[in-house]
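# Breakdown of the fold
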Amino acid sequence: MSALQFRPPTQNRLLFENAAPPRTKALKRTNWAIEAKKNISNLGLDDDPRKPLTHFNHPPWLDSANVTVNDTLPGITSKNAPEATIIEAAVKQIRSLNPTITIYTDGSASAGTTNGGAGVVYTTGDPTAPDITSKSTKKGSKHTSSFGEEPTAMEEASDYILQNCNANDVVVIATDSQSLCSSLSHHSPASDTIRAKLAKSEAMIIVQWIPGHSNIPGNEAADAAAKEAALLLGPHLVKSSFFNGPGRYPKIDEAYSQLNSKKEKMIPCRSYQVELARLRSGYSMYLRDTQHQLDESIDPKCPRCGAENETVEHWLECPGTAEARHRIFGPEANLGLPLLTKHPLQAVTLAQKTLVGCLATESQ
Ligand SMILES: [Zn+2]
């Protein structure tokens, strides 16, 4: 056993210890604030307004019963699935949710880092050929990421829902940002503003993830809107262009002309309200005309008189429903579309009596 020995210092260590350089200049002192100011000015961010601080304005542990977040798409396990499979799965899922309005949101950024833009398109009708009723484009930050713009787009959609949708609406917000969906479903503070806004709405809202860049028509339209938003001149402009109402069904205003909140409240259950909203929008799965749009092999002609396509308008003036209409609506039987809001309860009855399968087994 040898005793513990200190080894003599090595040459390298001696060199290091003896080589303290003489200090010629004073140390350059700096701090984070100075460095941050320098970087902000180098990046040209001086004129970029700061992001507003967000606060929790509701207890985050309270869940909102009207909002569902689906951060997966049934039938799709990988974003690399064949495009046709993705489109089919997305269309099937959106149809199954049976929305009155489908909103597609998207964020974009050049090369993923600069010139952001948020795009939102509002649609009715089937996801394979949606009717774009309006769109919003919002210029994003100069320095950003496409993820950074996704919440902007969805916040824009939330504002629209608050202003335009009511308890009769089932709204699907389709986004290709899975991270935003998971942020929403985990109540992350980053998406709290969106959640708080959605929770205030009376509409039933489903946030649905769909894969991006898969040629899903609504998603492509939102993508184009986001890219357009990035090109907007001037700082942070919000632009909304509204087209001439729902393209497929121009008479929606007429169907809503006699809306009366007291009468609406008498409709006994949600499924009735939803089906009525669909009829008013001219788009009900119980109408042959709608069925034909989804499946060309289905004859759009009225099964009762065969004279015209079975649209909601025709349903309300068809000789085949005249007897039931007179029994249900009395002297106003021939009022047409306004019947759907003037006598909502009776309109539900007419649907039950004359549209096969419509609201047949529903109860409160
Ligand atoms: Zn008919």
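Reading the values: rules and limits
Within any chain, residue numbers begin from 1 and follow the written order of that chain's sequence. In keeping with the predicted nature of the model, local features appear solely for residues at pLDDT of at least 70, side-chain atom pairs appear and are counted solely at 80 or more, and the whole-chain, interface and lining totals rest on all residues. Secondary structure elements follow DSSP: runs of H or I no shorter than four residues count as helices, runs of E no shorter than two count as strands, and numbering proceeds from the N terminus. Here, residues touch in the contact sense if the C-beta positions derived from the backbone fall within 7 Å of one another. Angles shown run from 0 to 180 degrees and are taken between the N-to-C directions of axes, each axis being a line fitted to C-alpha atoms and, for helices, limited to the stretch in contact. Working definition: roughly parallel below 35 degrees, roughly antiparallel above 145 degrees, roughly perpendicular at 65 to 115 degrees, and oblique for all remaining angles. Helix span is expected to be 1.5 Å times the residue number reduced by one. Burial in this document is a count-based property: other C-beta atoms within 10 Å of a residue's C-beta are tallied, and the residue is buried at 20 or more, exposed at 12 or fewer, or partly exposed in between, with C-beta positions derived from the backbone. It is the directions from the helix axis to the C-beta atoms whose arc is reported. By definition, pLDDT measures how confident the predictor is in each residue, and it falls between 0 and 100. Two strands pair if DSSP finds at least two bridges between them. We define a nonpolar core as a collection of buried residues of the types Ala, Val, Leu, Ile, Met, Phe, Trp, Tyr and Cys that are connected via C-beta atoms lying within 7 Å of each other. In this scheme, a crossing is called left-handed if the near helix is turned counterclockwise away from the far one by less than a right angle; it is called right-handed if the turn is clockwise. Note that Gly is not counted as nonpolar here; it falls among the polar residues with everything else outside the nonpolar set of Ala, Val, Leu, Ile, Met, Phe, Trp, Tyr, Cys and Pro and the charged set of Asp, Glu, Lys and Arg.

### As for the overall build of the protein
- Scanning the protein for helices and strands turns up 15 helices and seven strands.
- Restricting to contacts in the protein with at least 6 residues of sequence separation, those with at least 24 account for 70%.

### Remarks on the packing of helix α10 (residues 270–280) against helix α15 (residues 344–354)
- Contact pair α10 / α15: the axes reach a minimum separation of 10 Å and the direction vectors enclose 85 degrees. One finds that α10 runs roughly perpendicular with respect to α15. Within the contact between the two elements, α10 uses Y272, E275, L276 and L279 and α15 uses P344, A347, V348 and A351.

### Concerning helix α7 (residues 217–230)
- For α7, with 14 residues, the first-to-last C-alpha span of 20 Å sits near the 20 Å given by 1.5 Å per residue.
- Among the residues of α7, G218, N219, A222, D223, A225, A226, A229 and A230 are the ones counted as buried. Projected down its long axis, α7 carries its buried residues within an arc of 160 degrees, all on one side.

### Section: the environment of R95
- Counting through the fold element by element, R95 comes out in helix α3 (residues 83–97).
- For R95, a count of 14 C-beta atoms within 10 Å puts it in the partly exposed group.
- Note: C-alpha distance between R95 and T128 (33 residues apart in sequence) is 9.7 Å.

### Thoughts on the confidence of the model for the protein
- Confidence along the protein averages 82 in pLDDT terms, with 85% of residues attaining 70 or more.
- Scored below 50 in pLDDT, residues 241–248 shows 18 contacts in the model against residues more than four places distant or in partner chains.

### A closer look at the environment of S183
- In this fold, S183 is placed in helix α5 (residues 178–185).
- Considered as a pair, S183 and V69 are 114 residues apart in the sequence and their alpha carbons are 9.8 Å apart.
- With residues up to four places along the chain from it excluded, the contact list for S183 reads S188, A190 and S191.

### Brief notes about the pairing of strand β3 (residues 114–124)
- The buried fraction of β3 is high, at nine of eleven residues.
- Judged from the eight bridges that link them, β3 and strand β4 (residues 131–139) form a sheet pairing that is antiparallel. Opposite T124, over in β4, you have D131 as the bridge partner.
- Count of turn residues in the β3/β4 antiparallel hairpin: six residues, of which G125 carries a positive phi of about 85 degrees.

### Concerning the pairing of strand β6 (residues 204–209)
- Across the six residues of β6, five count as buried, placing the element largely inside the fold.
- As paired elements, strand β1 (residues 67–70) and β6 share four bridges and run parallel to each other. By the bridge assignment, T68 is partnered in β6 with I206.
- Sheet analysis places strand β5 (residues 170–175) next to β6, joined by six bridges and oriented parallel. Within the sheet, the bridge partner assigned to V172 lies in β6 and is I206.

### Some thoughts on the nonpolar core
- Counting 63 residues, the largest nonpolar core has I103, V120, V171, I173 and I205 as its most contacted members.
- When neighbours within four sequence positions are excluded, I103 is seen to be in contact with V120, Y122, A157, V171 and I173.

### Details of the packing of helix α13 (residues 319–329) against α15
- For the pair α13 and α15, the least separation of the axes is 10 Å and the interaxial angle reads 150 degrees. As summarised for this structure, α13 and α15 are arranged roughly antiparallel, according to the angle between their axes. The handedness of the crossing between α13 and α15 comes out as right-handed. Residues T321, A324, R325, I328 and F329 of α13 lie in contact with α15, whose contacting residues are Q346, T349, L350, K353 and T354.
- Looking at the contact of α13 with α15 residue by residue, the class counts come to four nonpolar, four polar and two charged.

### Describing unusual backbone geometry
- One non-glycine residue with positive phi stands out, namely H187, at about 55 degrees.
- Residue placement: H187 occurs in the loop between α5 and α6 (192–200).
- H187 sits in the partly exposed class, given 16 other C-beta atoms within 10 Å.
- A positive phi is found at N215, a non-glycine position, where the angle reads about 65 degrees.
- Along the polypeptide, N215 turns up in the loop between β6 and α7.

### Quick look at α15
- All buried positions along α15 are accounted for by P344, A347, V348, L350 and A351. Within α15, the buried residues cover an arc of 160 degrees as seen down the axis, which keeps them to one side.
- At its buried positions, α15 is contacted by α9 (261–265), α10, α13 and α14 (339–342).

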